[in-house]
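# Observations on the model geometry
If you want the building blocks of each chain, they are given just below.
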Amino acid sequence: MCAITEPHDGLPYDYDQIRVFTWNIKKHRYETAYREHGLNGILPVTMTHESFDKEGDLPVFILRVKDDSGNVSERKYKLNTPIVRRVLAPGEQKEASKRATSHRQR
């Protein structure tokens, strides 16, 4: 997992995108499993394992992200190789993607 940002000083966040790579055994190379842009991420990123009922014990990473008001929240993701999925907290709803909610103007 890589937390990335453009090399500029004085930014109000530590990273603005993440990329998760997995190893493809058949092709003997790393491949992008997940990417997310437009984050206001704050370090540290936590990596651990968690038990999921049917899937078993999986790697998990937690991002700390600032919203527009400056409030920091945590986002949890699980890696069930090669798939990365967001783990929603009880009562949490999935956010609509910016691309899905924006409309093209002609």
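Everything numeric here is computed off the predicted structure, so don't read it as measured data. (Residues numbered from 1 in each chain as written. Predicted model: local features only at pLDDT ≥ 70, side-chain atom pairs only at ≥ 80, totals over all residues. Heavy atoms only, no water.)

### Thoughts on the confidence of the model for the protein
In regions of low pLDDT, the predicted coordinates are not meant to be interpreted in detail. How we decide: What pLDDT expresses is the predictor's confidence in each residue, scored from 0 to 100. In DSSP terms, a helix is any run of H or I states spanning at least four residues, a strand is any run of E spanning at least two, and both are numbered starting from the N terminus.
When the pLDDT values of the protein are averaged, the result is 87; 89% of them are 70 or greater. By mean pLDDT, the top-scoring element of the protein is strand β4 (residues 56-66) (95), and the lowest-scoring one is helix α1 (residues 98-101) (46).

### Quick word on the pattern of salt bridges
So the rule is basically this: The rule for a salt bridge is simple: a side-chain nitrogen of Lys or Arg has to be within 4 Å of a carboxyl oxygen of Asp or Glu. Burial classification: accessible surface area is computed with a 1.4 Å probe over protein chains only, and a residue below 20% of its type maximum counts as buried, one above 50% as exposed, and the rest as partly exposed.
Under the defined criterion, the tally for this structure stands at 5 salt bridges. Where Arg75 meets Glu36, a salt bridge forms, and the shortest distance between an N and an O atom there is 2.6 Å. With Arg75 in strand β5 (residues 72-80) and Glu36 in strand β3 (residues 29-52), the pair connects residues that are 39 residues apart, well separated along the chain. By relative accessible area, which is 11% here, Arg75 ends up buried. Taking relative accessible area as the criterion, Glu36 reaches 16% and is therefore assigned buried. A salt bridge links Glu74 to Arg64; its shortest N-O distance comes to 3.6 Å. In this pair, Glu74 is assigned in strand β5 and Arg64 in strand β4, connecting sequence segments 10 residues apart.

### Some words on the pairing of β4
For the record, the criterion: Pairing between two strands is assigned when DSSP locates at least 2 bridges connecting them.
Inspection of the sheet shows β3 paired to β4 by 9 bridges, in the antiparallel sense. In the strand pairing of β4, Met47 is matched with Phe61. Where β3 folds back onto β4 in an antiparallel hairpin, the turn is made up of 3 residues. Judged from the 7 bridges that link them, β4 and β5 form a sheet pairing that is antiparallel. Looking at β5, one finds that Val65 is bridged to Ser73.

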